[in-house]
Amino acid sequence: MQDMEQQALVVFEERVTANGKRIGHATLNKPKALNALNLSMIRLLMPQMLAWQQDESIVAVILDGSGDKAFCAGGDVVAMHNAMLEQPGQVPRSLEVFFTEEYRLDYLLHTYNKPLLVWGNGIVMGGGLGLMSGASHRIVTESSRIAMPEITIGLYPDVGGSWFLNRMPTGCGLFLGLTGASINATDALYVKLADHFISHGLKDEFIEQMLAIKWGGTQSLNHEKLSNLCAQFQRDSQSQLPRGNVKEHHALIQQVTSHHSLADAVSAIQALDPMQDNWLARAVQTLNAGSSVTAHLVWEQLKRGRALSLEDCFRMELNLSCRCGEAGEFQEGVRALLIDKDNQPKWRYESVADVPADYVEWFFKPIWDAQQHPLAGLGKE
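Chains are numbered independently. Their residues run from 1 in the order of the written sequence. Side-chain atom pairs in this predicted model are given and counted only at pLDDT of 80 or more, local residue features only at pLDDT of at least 70, and totals for whole chains, interfaces and linings cover all residues. In computing side-chain values, all of the structure's heavy atoms are included and hydrogens and water are not.

Draft legend 1. How the structure looks around the side chain of Asp64. Put simply, DSSP marks the helices as runs of H or I at least four residues long and the strands as runs of E at least two long, and each gets a number from the N terminus on. With respect to the helices and strands, the residue Asp64 is situated in strand β3 (residues 58–65). Engagement of the side chain of Asp64 in a polar contact is seen with the side chain of Thr27, the distance being 2.7 Å. Excluding residues within four positions of it along the chain, Asp64 makes contact with His25, Ala26, Thr27, Leu28, Phe71, Trp119 and Lys203. Pairing of N or O atoms within 3.5 Å defines a polar contact, subject to two protein rules: one partner must be a possible hydrogen donor and the other a possible acceptor, and residues neighboring in sequence count only if both atoms are side-chain atoms. Contacts were defined at the residue level, with two residues in contact if any of their heavy atoms lie within 4.5 Å.

Structural data, given as structure tokens:
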């Protein structure tokens, strides 16, 4: 019975195409929890994604979420809070295991050898963005709401954020990381977090058309066929594309993030006129209420991540995430937002100027020798 309950957390299906090939379809299935990712779900997804990758009859894979509210709203941080509460000042083993296995899965999706389509409808945050960012065909819809709001809980934009935030138009990654600002489909296309916009109402028809494709044995050609189908559906959906915020404010974003110190960048963002725009006002508000330690981690991870490979970004992030599990700021942030819900986090430092440089450096100090790192084999398997 328990196996069946576990299995239901992710629903797997194989659909036969018109020319006798198959498409793998995985659906995150916790709609009441906005399909938030837990370890059981990761452990269901990983072997199935690997099996589909190795199965020559599978020509493409679809990953989506059940319900209309969210693809995936993040990871199960409440469980992490409880583990941190039980083991103060230590890295809880469950937390290390969760992040290790989550990043392995994210990396697999980034390096998947077949067309991988993620239907990013509704809320896509944190761990959900980790699943989506590596896909070859990332679909957003009129209801997509994408964010990395970790500054509100004292974590930082992980799940490959060091990689994908650095690949956005100048300044956008730092701005979104510091402010946790929510972006829509138009923004996601602009900052390279999505590839195509398709109306959610066309999803069933789109999948039917995917099944009608004459899939072949050449991966590059299969990718092209799926891209052409996405482009066709995007043309049919154009009238529903929402008005974006990031492109409109890009010059301003570049201006406030171009400073040589975090303190100056934060001051410049805080000085933005809240009367000018609701989206900017919310971004400033989130930064003001957020963790000053997180702000330093975002600044530092992006600076260091620029020169790193994808594998090394994930290795750096695992170290950072475990340090966050040990430090207490992450625990306090989750307590205030999701446990006691008082929205009054008692952050360790009042402002970014108060955070000592050696404290920030401690988060990046290696926990393991290179050979002992839990992700040492990433990219070498």
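Draft legend 2. Examining helix α3 (residues 77–86) more closely. Think of it in three bands: residues with accessible area under 20% of the maximum for their type are buried, residues over 50% are exposed, and the middle band is partly exposed, with areas taken using a 1.4 Å probe on protein chains only. Taken residue by residue, α3 has Val77, Met80, His81, Ala83 and Met84 as its buried positions. Across the axial projection of α3, the buried residues extend over an arc of 165 degrees, all falling on one side. Seen from the open side of α3, the exposed residues pointing more than 90 degrees away from its buried face are Leu85 and Glu86. Turning to α3, the residues buried within the fold contact α4 (93–110), α15 (310–327) and α16 (329–339). The arc under discussion is defined with respect to the helix axis, by the directions toward the C-beta atoms.

Draft legend 3. Seen up close, the pattern of salt bridges. We define a salt bridge as a side-chain nitrogen of Lys or Arg found within 4 Å of a carboxyl oxygen belonging to Asp or Glu. Throughout the structure, instances matching the rule amount to 17 salt bridges. Among the ionic pairs, Asp55 bridges to Arg22, the shortest N-O distance being 2.9 Å. Of the two residues, Asp55 is situated in the loop between α2 (39–54) and β3 and Arg22 in strand β2 (residues 22–28); the sequence distance between them amounts to 33 residues. For Arg22, a relative accessible area of 24% puts it in the partly exposed group. The residue Arg335 makes a salt bridge to Asp342 at a minimum N-O spacing of 2.8 Å.

Draft legend 4. Spotlight on the sheet that holds strand β1 (residues 10–16). If you walk across this open sheet you meet the six strands as β1-β2-β3-β5-β7-β9, and the pairing is mixed. At either end of the open sheet lies a strand with only one pairing partner, and these are β1 and β9 (196–197). Bridge count between β2 and β3: seven bridges; the pairing is parallel. What sits directly across from Ala26, in β3, is Leu63. Axis geometry follows a simple rule: fit a line to the C-alpha atoms, using only the stretch in contact for helices, then measure angles between N-to-C directions, giving values from 0 to 180 degrees. On top of the sheet, α2 reaches β1, β2, β3 and β5 (116–120); it is set at about 20 degrees to β1, its chief contact. Note on pairing: DSSP must find at least two bridges between two strands before they are called paired.

Draft legend 5. Seen up close, the sheet that holds strand β4 (residues 70–72). Judged by pairing direction, the sheet is parallel, and its three strands sit side by side in the order β4-β6-β8 without closing on themselves. With partners counted over all chains shown, the strands left at the sheet margins are β4 and β8 (145–147), one partner each. Sheet twist, expressed as the mean angle between neighbouring strand axes with direction ignored, is 15 degrees. In terms of strand pairing, β4 meets strand β6 (residues 123–125) through two bridges, oriented parallel. Across the sheet, residue Cys72 finds its bridge partner in β6, namely Val124.

Draft legend 6. A look at the packing of aromatic side chains. Between rings of Phe, Tyr and Trp, where Trp is taken as its six-membered ring, a pair exists when centres lie within 6.5 Å; planes separated by under 30 degrees are stacked, by over 60 edge-to-face, and by other angles tilted. For the coordinates displayed, the defined rule picks out 12 aromatic pairs. Geometrically, the ring pair formed by Phe12 and Trp52 is edge-to-face, given 5.8 Å between the ring centres and 80 degrees between the ring planes. Placement of the pair is Phe12 in strand β1 and Trp52 in helix α2, with a sequence separation of 40 residues. Between Tyr103 and Phe314 the ring centres are 5.8 Å apart and the planes differ by 35 degrees, which places this aromatic pair in the tilted class. Here the residue Tyr103 occupies a position in helix α4, and Phe314 occupies one in helix α15, the gap between them amounting to 211 residues. Following the ring pairs from residue to residue traces out a cluster consisting of Phe98, Phe99, Tyr103, Tyr107 and Phe314.

Draft legend 7. Here's a closer look at the packing of α3 against α16. Axis separation between α3 and α16 bottoms out at 9 Å; the angle between their running directions is 130 degrees. One element, α3, and the other, α16, form an angle in the oblique class. At the point where α3 passes α16, the crossing takes the left-handed sense. Taken together, the residues of α16 that come into contact with α3 (itself represented by Val77, Val78, Met80, His81, Asn82, Met84 and Leu85) are Phe330, Gln331, Val334, Arg335, Leu338 and Ile339. Only Asp, Glu, Lys and Arg are considered charged, only Ala, Val, Leu, Ile, Met, Phe, Trp, Tyr, Cys and Pro nonpolar, and every remaining residue, Gly among them, polar. When its residues are assigned to classes, the contact of α3 with α16 shows nine nonpolar, three polar and one charged. Angular relationships are summarised with four words: roughly parallel below 35 degrees, roughly antiparallel beyond 145, roughly perpendicular across 65 to 115, and oblique for the angles in between. Here a crossing is taken to be left-handed if its near helix is turned anticlockwise relative to the far helix by less than a right angle, and right-handed if that turn runs clockwise.

Function cannot be read off these values alone, since they describe shape.
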